[in-house]
Structure formats: C-alpha cells, structure tokens
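Residue-level structure breakdown
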There are 2 protein chains.
Amino acid sequence: MTDPVKVIEIKKSVFADNDEDARKLRAELKEKGVFLLNLMSSPGSGKTTTLIQTISLLKDRIRIAVMEADIDSDVDAVKIKEATGIPSIQLHTGGMCHLDAEMTRQGLDNVDLANVDLVILENVGNLVCPAEFDTGSCCNAMILSVPEGEDKPLKYPLMFSICDVVVINKMDVLPYFDFNLDKCKEYIHMRNPKAQVIPICAKTGEGVDAFAGWLLEQVKNWKQQ
Amino acid sequence: MTDPVKVIEIKKSVFADNDEDARKLRAELKEKGVFLLNLMSSPGSGKTTTLIQTISLLKDRIRIAVMEADIDSDVDAVKIKEATGIPSIQLHTGGMCHLDAEMTRQGLDNVDLANVDLVILENVGNLVCPAEFDTGSCCNAMILSVPEGEDKPLKYPLMFSICDVVVINKMDVLPYFDFNLDKCKEYIHMRNPKAQVIPICAKTGEGVDAFAGWLLEQVKNWKQQ
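Because the structure is predicted, anything quoted here is derived from the model rather than measured.

1. A word on the overall build of chain A
For chain A, the count of helices and strands is 8 helices and 8 strands. Taken over the C-alpha trace, chain A has a radius of gyration of 16 Å; the compact-globule value for 225 residues is 17 Å, and the two agree within 12%. The principal-axis extents of the C-alpha atoms in chain A amount to approximately 45 × 45 × 40 Å. Every one of the 225 residues in chain A was classed for burial, and the buried ones make up 61%. Partitioning the contacts of chain A with sequence separation of at least 6, the portion at a separation of at least 24 is 76%. Total accessible area computed for chain A in this model is approximately 9,200 Å², and 49% of it derives from carbon and sulfur atoms. Distance from the positive charge centre (25 side chains) to the negative charge centre (34 side chains) of chain A: 3 Å.

Have a look at this one:
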C-alpha cells in the first residue's frame, strides 16, 4: 500500500492582475530551472491515463512531479502515484472551475522544486475557463479525444488558440466514431497555425512517445536558454 | 436551403441576486404555461444529436423551440433547424462559460412564447460553471456519454446533484470502453438519489423514446399544476 497523497485545499486568489502574477511565477520557475506544463481538456478525455504513460517514458530521464487539480475527489493523484511512483499531490479547487497563477503557486509551494525538472499541472476538466487564466506555465497542452468530435476547435476557439500542442487521444476507437482527423487538424490550425498535433492512444500507449519526446525537448530548451 | 438562424449576442448580467431572478423567471414561465428545460453536458457528449432525436419524437405533440448557447459558432442552431424544422436560435456567450437567469431571459425575449409549450436551452458545454447558476429552468437535465467514464459523478458532484435526469449517451460504443453502467448509476445516486438515469444511443435513436416520454410528462405536469 502506498501512502495517501497530499491534498491541498486551494484558496481563491486575491491578486487583481493575474497576467502580471503569471509572468512573475514563470520567471521564478526559469531561475529554478523548473519547467511547468499546464495540461487541459474536457472531462473524461484521458488526461490522467496520458500522463501515466508519458511519465513512464520520461521518469528515468528527468525528475517529474504532478499536481492534479480537481473540484473534489482525490482519485487522479492516487492513480498517478500508484502507477508511476512519482511525487503527486491533489489540489482541491472547492468548486472553482480553473486555476490561475496564484492558485498554481499554492500547489507549487508543496512541491520540492529543488529536486524536480518538470512539474505537470493537470488542470480542471473544462474547455472554457482554464483557457482564460495564465497559470504561469511554460507551455500549454490540451487533449481532445476522438469521441468528443472534430468540431471542438470551432466551438472552443480560445482553448485551441493558446495551446502549444494538441494531443488527439482515443485513436483506437476511430472506427466507431464520425471523426475526420484531417478536418480536425485543419480546424486546430485555423485557431493556432503553430500548434503541434499528436494522435495517440493512451490506453495502449501508441503514439505517446511522440508527445513524451516533444515534452522532453521543451524541458531541455527551457533549462538551456 | 433554410433561412439562416437568428444569432443573439448575450450580454453579461448586471443582477446581483441570480437566485431571486431565476425564481422570478420561473414564475413568469409558469404563468405563460411554458416549460423550460436546461440541458447541460461536457463538450462533445451529444447534446445536439440527442435533441434532434427527441424533438423528432415530440414535435407533433407539443410546440417546441430551442435556444443553443455557444461561445462562438452557430453550427448547433443550424443543425437543429435543418433537421427538425422547429424554431431555433443561437445564443453567443462571447466567451462566458455558463448562462444565468438574466442571460436566459435575453434569449427568451427572442422566442414566441405565446405559441410554444417547451423551450429547450442547450447550455455551454461544461460540467462545472453551468451547475452553479440557476437559469430559471423548470428542470435540469444532463448528458454523460460512455467515453467520458463512469467516475464523473465523483469528480463533478454539483452538476450531478442538481440534475433531475441524467441521460447516458453513446451506449453503442459500450463494448469499446471500460464503462460500468451499474457503477455509474450508483455514483449518480450518491449525488442525487432521485435522479432518473436513462441510457440511450442518440446516433441510432435507441432509448430516446424513454427520455422523450419523461420530458413530455414534465411539460404536461407543469401546465396542469
């Protein structure tokens, strides 16, 4: 049996200027040589499973910690910790629909930043609000799963426009859904021409090496520049 | 070719007490004999397809209008209008992640309430924020689709606790996902012991008659009581 995960009850931020606070946090992370990835998606698109597969590929090469944000439950942080053995804490937002920079900082205060290269923040499952708040992360990533449909970049423009990479998950069920991958890529690039698009199946691990490779490169660049 | 749908740009509400405003709106609807259903879900769970199937079963028995809320696009209102021929308008929230009573009222001002029995509001795709704001609706319904996973009532407790009915969509793909329907029902009833749970496949129409029957009964009760 593993130890129970640490649960942090996140308090509402009091800072008026989140963008300024996010810039400050990013600069602090830069100084410490810690890369923060903000991972977003709808509920149920497979964030936690994708993270477990990605961490398994990377954990012997870089030092990783995970912060799992959720409104209420602890299931994700426990899952990550049990499956990968890496430090994982749960952030309870107490009903709040997103994290901003100050809320992210409350989580980071509970991470041993001196001994970590990469912190992954799994944001609240929501395609709307998390896109509006800079968490102070060095990169934004999102997961869109095949069952959600190829038209999501048309309906949630801001989310797709702020993400550096879009992982298309659940590629194994493509035969059972009307999902056109080329059309989806086209819609994503309408919102953000520079976005990387990486199709994967987190359940089997197929394609996850491409995402892990992309992430490893970002972490290295962040530490070198 | 059908006429283009009417698009309403929703303005931010100025009322401080949304609960009071929602009660007022509900009383007005009662007086007019109009039933308002608030339909919520994650992005891509099949709200629009479910509505098209439901409306096809009911439109010869009661007079229906639809308000499709979306951050940006018009695709849903156009789809509904083309597939069912019933009055359908698009509400643009301009980035806002939910509708409250005043925003719902702005939509209803563009519906011919004297000639309608049922108005269906398709809320913004989001399991968090829409649950926090009473729209003034007479009932709340939500759709959870099989690919999203059975654990969602554990993670989004408020949404499940305020819904009178939970439609489980995409039952046709059950063989390809680890989704335990009994477990899901158990989690839903942990949040709301009175919630009806109705499994359907909106794509084929299977099970939609049960949801349509439930809805018809609510409309009749509302008009009679």
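2. Focus on the sheet that holds strand E7 (residues 165–169) of chain B
Pairing between the strands of a sheet comes from backbone hydrogen bonds, and it takes one of two forms, parallel or antiparallel. Residue and element names in this part refer to chain B. One open sheet holds the 8 strands; their spatial order is E1-E4-E3-E5-E2-E6-E7-E8, and the pairing between them is parallel. Bordering the open sheet on either side are strand E1 (6–9) and strand E8 (196–199), each of which pairs with just one other strand. Strand-to-strand twist in this sheet, taken as the mean axis angle between neighbours without regard to direction, amounts to 20°. Both strand E2 (residues 35–41) and strand E5 (residues 118–122) contribute to a ladder of 5 bridges, which runs parallel. Bridge pairing links Leu37 to Ile120 in E5.

3. Regarding the confidence of the model for chain A
Looking at chain A as a whole, the pLDDT averages 94, with 98% of positions reaching at least 70. With pTM at 0.92, the complex prediction returns an ipTM value of 0.88.

4. Some remarks on the interface of chain A and chain B
Contacts between the two partners involve 32 residues from chain A, matched on the other side by 32 residues from chain B. Contact between chain A and chain B buries roughly 2,500 Å² in total, counting both sides, with carbon and sulfur atoms accounting for 57%. The three residues of chain A that bury the most area against chain B are Pro43, Lys155 and Tyr176 of chain A, which together make up 23% of that side's buried surface. Linking chain A with chain B are 2 salt bridges. With its nearest N and O atoms 2.7 Å apart, the salt bridge here joins Asp76 of chain A to Lys155 of chain B. There are 9 residue pairs in polar contact (both at pLDDT 80 or more) connecting chain A and chain B. Sorting the residues of the side of chain A that touches chain B by element identifies helix H3 (75–84) and helix H5 (152–155) of chain A as the ones contributing at least two each. A total of 3 residues in the side of chain A that touches chain B trace back to one element, the largest contributor, which is H5 of chain A. Looking at side-chain class alone, the side of chain A that touches chain B contains 15 nonpolar, 6 polar and 11 charged residues.

5. Examining the sheet that holds strand E3 (residues 64–70) of chain A
Residue and element names in this part refer to chain A. Judged by pairing direction, the sheet is parallel, and its 8 strands sit side by side in the order E1-E4-E3-E5-E2-E6-E7-E8 without closing on themselves. Two strands close off the open sheet at either side, each with one partner strand: strand E1 (6–9) and strand E8 (196–199). Put simply, the sheet's adjacent strands are angled 20° from each other on average, direction ignored. Across the face of the sheet, H3 comes into contact with E3, strand E4 (88–92) and strand E5 (118–122) while running at roughly 175° to E4. Lying on the sheet, helix H4 (residues 101–108) is in contact with E1, strand E2 (35–41), E3, E4 and E5; it crosses E3 at an angle near 130°.

6. Regarding the environment of Asp76 of chain B
As for its position among the elements, Asp76 of chain B is in helix H3 (residues 75–84). A residue is classified by how much of its surface remains accessible, and Asp76 of chain B, at 2% relative accessible area, is buried. Sequence spacing of Asp76 of chain B and Lys24 of chain B is 52 residues, and the spatial spacing of their C-alpha atoms is 29 Å. For Asp76 of chain B, the contacting residues outside a window of four places in its chain are Lys155 of chain A together with Thr48, Glu68, Asp70, Gln90 and Glu122 of chain B.

7. Structural notes on the side chain of Asn192 of chain A
As for its placement among the helices and strands, Asn192 of chain A is situated in the loop between helix H7 (181–191) and E8. Setting aside its immediate chain neighbours within four residues, Asn192 of chain A contacts Phe160, Ser161 and Cys163 of chain A.

8. Digging into the environment of Leu215 of chain A
Residues and elements named next belong to chain A. Within the element layout of this structure, Leu215 appears in helix H8 (residues 208–224). Considered as a pair, Leu215 and Leu118 are 97 residues apart in the sequence and their alpha carbons are 9.3 Å apart. Beyond its immediate chain neighbours, meaning those up to four positions away, Leu215 contacts Phe35, Leu37, Thr54, Leu58, Leu118 and Ile120.

Basis of the calculations
Residues numbered from 1 in each chain as written. Chains lettered and ligands numbered in written order. Predicted model: local features only at pLDDT ≥ 70, side-chain atom pairs only at ≥ 80, totals over all residues. Heavy atoms only, no water. Helix = DSSP H or I, 4+ residues; strand = E, 2+ residues; numbered from the N terminus. Rg over C-alpha atoms; globule rule 2.2 N^0.38 Å. Buried < 20%, exposed > 50% of the residue type's maximum accessible area, 1.4 Å probe, protein only. Contact = heavy atoms within 4.5 Å. Areas by Shrake-Rupley, 256 points an atom, 1.4 Å probe, with all protein chains shown as cover. Lys, Arg positive; Asp, Glu negative; His and termini not counted. Charge placed at Lys NZ, Arg CZ, Asp CG, Glu CD. Pairing = 2+ DSSP bridges. Axes fitted to C-alpha atoms, helices over the stretch in contact; angles between N-to-C directions. pLDDT = per-residue confidence, 0-100. Buried area = accessible area lost by both parts, 1.4 Å probe. Salt bridge = Lys/Arg side-chain N within 4 Å of Asp/Glu carboxyl O. Polar contact = N/O pair within 3.5 Å; in protein donor to acceptor, adjacent residues only side chain to side chain. Nonpolar A, V, L, I, M, F, W, Y, C, P; charged D, E, K, R; others polar.

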